[in-house]
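Secondary and tertiary structure notes
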Amino acid sequence: MMMLVCSGGMRGARMGRVALKGLLCRESHSAPPHTPLPSHPHMLISAEVACAVEECRPVVALETAILTHGMPYPDNLRTACEVEAVVRSQGVVPATVGVLDGQVHVGLTQAQLERLASPATKCQSRKVSRRDLAYAMSQGLCGGTTVAATMLCAHKAGVPLFVTGGIGGVHWEGETTLDVSADVLELGRTPVAVVCGGVKSILDIGRTLEVLETQGVPVVTYGSDKEFPAFFTPISGHQAEFNLKTPCDCAQLIDNSFRFGMESGILVAVPIPRQAQDIGHEVELAIQQALAEAKCVCVCVCGGYRAVHPCIHIYIAGPKRLKVMV
């Protein structure tokens, strides 16, 4: 998951290390492009993350909605721990973001990860996007942060790079329902570089790319061509505007964007690793079948387009989907 797709996680961590070293450790620009804001009573930055940011060492933000809403226990905890281990193996500090008892944490301890992933917490957790942060704080809630909320919190903590599985986008029939994920809007207003596996094919990828263009977000594919990945498969049928082939090229892009003061994010899409593409293709076929059936069932029986997405998640849940996500 969270970092899966950066070609097995390892390439994402390596890209993070190279990008951040180039981004933060220039001789004439020793200060980070994001200066951490003053302490907030509801936001706690771990000593490890704060020290790494202060010393201009590489830090990568990670989300937790996958812990609370994306995977069953104990797969969620095992995946989170494996992702952090991959990040650390590349000399990068993981800054996993989550909400516990109304406090936003940037950098979770093992005990905090275990608590957030546990069935007891999962059943009461809220999926926390930008709109939910203040409510979760005021009510003392626990929750997993989405791409949008993780970007916002990472930016406030001075972490300019975030790695995740797939971002949200424009939902099916979005032109009718106006159901557009806050993730794409956050990319248009928060200067954090997001490395991901693309947009899930359960969503309208073409319209998602159009919204990102309107928001002024550079969309870059990492690899051999401009084919924009669809999370479970490297082929979506849509092209990105830009293509970069090395971590250093990505670092240069991120550096120039932030140094110029662009108040928007960057999306770097990395296709699923070759070793997982066969299973990914099976999952993709299941998604398309589920989508066709869910459109009919949810619109005709459940009475609305918004029910389609959760219906499909139930339909395709299973070990193969989990294997591809991890």
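Residues numbered from 1 in each chain as written. Predicted model: local features only at pLDDT ≥ 70, side-chain atom pairs only at ≥ 80, totals over all residues. Heavy atoms only, no water.

Here the focus is the packing of aromatic side chains. For the structure on display, the rule yields 1 aromatic pair. A ring pair is formed by Phe231 and Phe232, whose centres lie 4.7 Å apart and whose planes are at 80 degrees; its orientation type is edge-to-face. Comparing Phe231 with Phe232, the two get one shared label, buried. (Phe/Tyr/Trp six-rings, centres within 6.5 Å; stacked < 30°, edge-to-face > 60°. Buried < 20%, exposed > 50% of the residue type's maximum accessible area, 1.4 Å probe, protein only.)

The next thing to look at is the environment of Pro218. Within the element layout of this structure, Pro218 appears in the loop between helix H11 (205-214) and strand E9 (219-222). Sequence separation between Pro218 and Glu241 is 23 residues; the distance between their C-alpha atoms is 7.6 Å. Pro218 has contacts with Phe242, Gly265, Ile266 and Leu267, leaving out every residue within four places of it along the chain. (Helix = DSSP H or I, 4+ residues; strand = E, 2+ residues; numbered from the N terminus. Contact = heavy atoms within 4.5 Å.)

Attention now goes to the state of the cysteines. A complete count under the given rule lists 0 disulfides for this structure. Residue Cys248 stays outside any disulfide, its sulfur separated by 9.2 Å from that of Cys250, the closest cysteine. (Disulfide = S-S within 2.5 Å.)

We now examine the nonpolar core. Side chains of a nonpolar character, in soluble globular proteins, are inclined to be buried together. Counting residues in hydrophobic clusters, the biggest one holds 48 residues, and the most contacted among them are Ile167, Leu212, Phe228 and Leu267. Each residue touching Leu212, except ones within four places of it in the same chain, is listed here: Ile167, Val184, Leu187, Val217, Val219 and Leu267. In this structure, Val92, Val220, Leu244 and Ile254 belong to the second largest nonpolar core, which totals 18 residues. (Core = buried A, V, L, I, M, F, W, Y, C linked by side-chain atoms within 4.5 Å.)

Quick look at helix H2 (residues 47-54) now. Considered for burial, the residues of H2 that qualify are Val49, Ala52 and Val53. End-on, the buried residues of H2 take up no more than an arc of 100 degrees, which puts them together on one face. Facing away from the buried side of H2, by more than 90 degrees, are the exposed residues Ala47 and Glu54. Structurally, H2 contributes buried residues whose contacts are with strand E1 (43-45), strand E2 (59-62), strand E3 (93-100) and strand E4 (103-106). (Arc of directions from axis to C-beta.)

This part is about the confidence of the model for the protein. Looking at the protein as a whole, the pLDDT averages 84, with 78% of positions reaching at least 70. Predicted confidence for residues 1-12 stays below pLDDT 50, and this span has 53 contacts to residues more than four positions away or in other chains. This model gives residues 20-37 a pLDDT under 50, and the stretch forms 40 contacts once residues within four places in sequence are excluded. (pLDDT = per-residue confidence, 0-100.)

Taking burial as the measure, the 8 residues of E3 include 8 buried ones, the bulk of the element. Across 4 bridges, the pairing between E2 and E3 is parallel. Bridging from a neighbouring strand, Val60 pairs with Pro94 of E3. Looking at chain direction, E3 and E4 are connected through 4 bridges and run antiparallel. Residue pairing across strands places Val99 opposite Val104, the latter belonging to E4. Here E3 folds back onto E4, and the loop between the two strands holds 2 residues, one of which, Asp101, carries a positive phi near 55 degrees. One ladder, built from 2 bridges, connects E3 with strand E6 (residues 143-145); its direction is antiparallel. If you follow Val99 over to E6, its bridge partner there is Gly143. (Pairing = 2+ DSSP bridges.)

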